[in-house]
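Structure assessment
The chain contents come next:
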Amino acid sequence: MRRDEIADLAGFVVVAEEGSFTKAARSLGIAQSGLSQIVRRTEERLGMRLLSRTTRSVAPTEAGERLLATLGPMLHDLDAAVASLGDLRDRPSGTIRVTTVEHAAKTILLPGVKQLLQDNPDIRVDVTIDYGLADVVADRFDAGIRLGGEIAKDMIAVRISPDIPMAIVGSPDYFRTHPAPTSPAQLVEHKAVNLRLPTSQTVNGWRLMRGGRETRVRLEGQMMLNTIDLIRDAALDGHGLAYLPRDMVQADIGTGHLIHVLGKFTPDLPGYHLYYPNRRNASAAFRLFVETVRYIG
C-alpha cells in the first residue's frame, strides 16, 4: 500500500469518528471539499461505500464500521507513539556516544558529566577512546572531542577546556646517560617515547618554539605506544623523553621521578573542543550535555 493510500484511510477514520465532514476537515486543517474527494477516492479504490451521507449526518456503512474497527485503534496508537516522542524531546533521556582522547576523557569529560548523570538517570554516556580523527557521522557518534585546530570546518565546535600546558620529561636514569637538552636543536641527540596516530600510522609531532615560531618536531625512538598513560610509564622506566600534558606528570616532577626540560620552548596546545554536525532537532539530553561540558573561561 502506498503512503498516499494510508493518508486517505486516515482521512476516512477522522470523518467516521467525527460523524461530520465539516468537523473532520477542521480537525485535519484541510478544505471540506478536499476531504470529500479523499473519502470518495478511497471508496472507489476499495469498490464499496464506506460512509452513508445525509444532509444532517455521516455514518459508516457495515464495511466502514469493519474498517474503522481495525484502523481506528491502529491510528490512535500511532498518534500516541508520535506524542511520546515529545517526552524524549523535553525530558533528558537516551544514550550520547562520544569519541575522545584519554586525557580529555579523564580531565574534562568524566568529571564534567558526573553531576549531569546523577541528576538525570535516563541519560547514558558511551565513551570511546580513539586518537584517530573520527568521522562522527560515518561512525555514528553523537559528538567527538579533539584539540582545537583538528576539527573539520563543517562541524560545530564548542570549546570545553582552556589551553593545555605541555611538558617534555625524562627520568633521572635516562638523563644519567643522555645530558638534558637546553634547546630544541639538541633533541636530535635524544630518544623519544612516541604516540602513534592511528589515522596516519605516524608518530605525533611535538609542538616546539624555534626562533619565535611554533614548529612540529618528530623525534626518533625505540618505543611507540598508542596511549599516553603507557607513554608516561615508559618515561618513568627510562625509555626516553616523553611529550605529555603537564597536569599528567606534575606530581612525578614534584617527587623527582621525572625531570622537566625545555619548558620555555614548549607552548600550550589549543584547548579541547566538542564537535558535532548541525542538529536542528537535537534531543534534550544532547543539548544538556553540550551546555554541561561547555567551557566558560
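Structural data are supplied above this passage.
Residues numbered from 1 in each chain as written. Predicted model: local features only at pLDDT ≥ 70, side-chain atom pairs only at ≥ 80, totals over all residues. Heavy atoms only, no water.

1. Observations regarding the nonpolar core
Counting residues in each nonpolar core, the largest one holds 55 residues, and the members touching the most others are I145, I168, I231, Y272, L274 and F289. In terms of nonpolar packing, the next biggest core, distinct from the first, is built from 17 residues, F12, V13, I38 and L71 among them. (Core = buried A, V, L, I, M, F, W, Y, C linked by side-chain atoms within 4.5 Å. Buried < 20%, exposed > 50% of the residue type's maximum accessible area, 1.4 Å probe, protein only.)

2. Description of the sheet that holds strand β13 (residues 242–245)
The strands making up a sheet associate through backbone hydrogen bonding, with each pair oriented either parallel or antiparallel. With antiparallel pairing, three strands are arranged side by side in an open sheet as β13-β7-β14. Each having just a single partner strand, β13 and β14 (259–261) make up the two edges of the open sheet. The average undirected angle you get between the axes of adjacent strands in this sheet is 50°. The strands touched by helix α8 (residues 246–255) within the sheet are β7 (166–170), β13 and β14, with β13 carrying the most contacts at an inclination of about 110°. (Pairing = 2+ DSSP bridges. Helix = DSSP H or I, 4+ residues; strand = E, 2+ residues; numbered from the N terminus. Axes fitted to C-alpha atoms, helices over the stretch in contact; angles between N-to-C directions. Contact = heavy atoms within 4.5 Å.)

3. Remarks on the pattern of salt bridges
If you walk through the whole model with that rule in mind, you get 12 salt bridges. Measuring nitrogen to oxygen at the nearest pair gives 3.9 Å for the salt bridge that ties D126 to R97. Residue D126 is found in strand β4 (residues 123–129), and its partner R97 is found in strand β3 (residues 94–100); the two are separated by 29 residues along the sequence. The exposure class assigned to R97 is partly exposed, which follows from its relative accessible area of 26%. Note that E291 is salt-bridged to R294, the shortest N-O span being 2.8 Å. (Salt bridge = Lys/Arg side-chain N within 4 Å of Asp/Glu carboxyl O.)

4. What about the packing of helix α2 (residues 21–28) against helix α3 (residues 32–46)?
Contact geometry of α2 with α3 gives a least axis separation of 9 Å together with a crossing angle of 105°. As judged from the angle between their axes, α2 and α3 are roughly perpendicular. Packed against α2, whose contacting residues are F21, T22, A24, A25 and L28, the element α3 presents Q32, L35, S36 and V39 at the interface. Split by residue class, the contact of α2 with α3 holds six nonpolar, three polar and no charged. (Parallel < 35°, antiparallel > 145°, perpendicular 65-115°, else oblique. Nonpolar A, V, L, I, M, F, W, Y, C, P; charged D, E, K, R; others polar.)

5. Some details on the packing of aromatic side chains
Across all of its chains, the model carries four aromatic pairs by this definition. A ring pair is formed by W206 and Y243, whose centres lie 5.4 Å apart and whose planes are at 15°; its orientation type is stacked. Of the two residues, W206 is situated in strand β10 (residues 206–210) and Y243 in strand β13; the sequence distance between them amounts to 37 residues. Following the ring pairs from residue to residue traces out a cluster consisting of Y276, F286 and F289. For the cation-ring pair, R97 lies above F141, with the distance from its terminal atom to the ring centre recorded as 4.3 Å. (Phe/Tyr/Trp six-rings, centres within 6.5 Å; stacked < 30°, edge-to-face > 60°. Lys NZ or Arg CZ within 6 Å of the ring centre and 35° of its normal.)

6. Quick word on the packing of helix α1 (residues 3–18) against α3
Contact geometry for α1 and α3: axes closest at 9 Å, N-to-C directions at 115°. In terms of their interaxial angle, α1 and α3 are classed as roughly perpendicular. The crossing of α1 and α3 is left-handed. Touching E5, D8, L9, G11, F12 and V15 of α1 are L35, I38, V39, R41, T42 and R45, all from α3. (Left-handed = near helix turned anticlockwise from the far one by under 90°.)

7. Re unusual backbone geometry
Its identity is not glycine, yet R140 carries a phi of approximately 60°, on the positive side. Within the secondary structure, R140 is located in the loop between β4 and β5 (143–147). The residue L262 is not glycine, and still its phi comes out positive at about 55°. Considering the arrangement of structural elements, one finds L262 in the loop between β14 and β15 (272–276).

8. Observations concerning the sheet that holds strand β8 (residues 193–197)
Ordered by their spatial adjacency, three strands build an open sheet running β9-β8-β12, and the pairing between neighbours is mixed. Both edges of this open sheet fall to β9 (202–203) and β12 (223–225), since each of them pairs with a single strand only. Sheet topology places β8 next to β9; two bridges connect them, and they run antiparallel. Paired with R196 across the bridge in β9 is V203. Across the sheet, helix α7 (residues 228–236) lies against β8 and β12, angled at about 165° from β8, the strand it touches most.

9. Details of the environment of A284
Inspection of the secondary structure puts A284 in helix α9 (residues 284–293). Judged by relative accessible area, A284 falls into the buried class, the value being 6%. A sequence separation of 18 residues divides A284 from T266, and the C-alpha atoms of the two residues are 41 Å apart.

10. A closer look at the environment of V293
With respect to the element layout, V293 can be found in helix α9. Judged by its relative accessible area of 7%, V293 is buried. For the pair V293 and L109, spaced 184 residues apart in sequence, the C-alpha separation works out to 7.1 Å. Other than its neighbours up to four places away in sequence, V293 contacts L109, V113, R159, I160 and L274.

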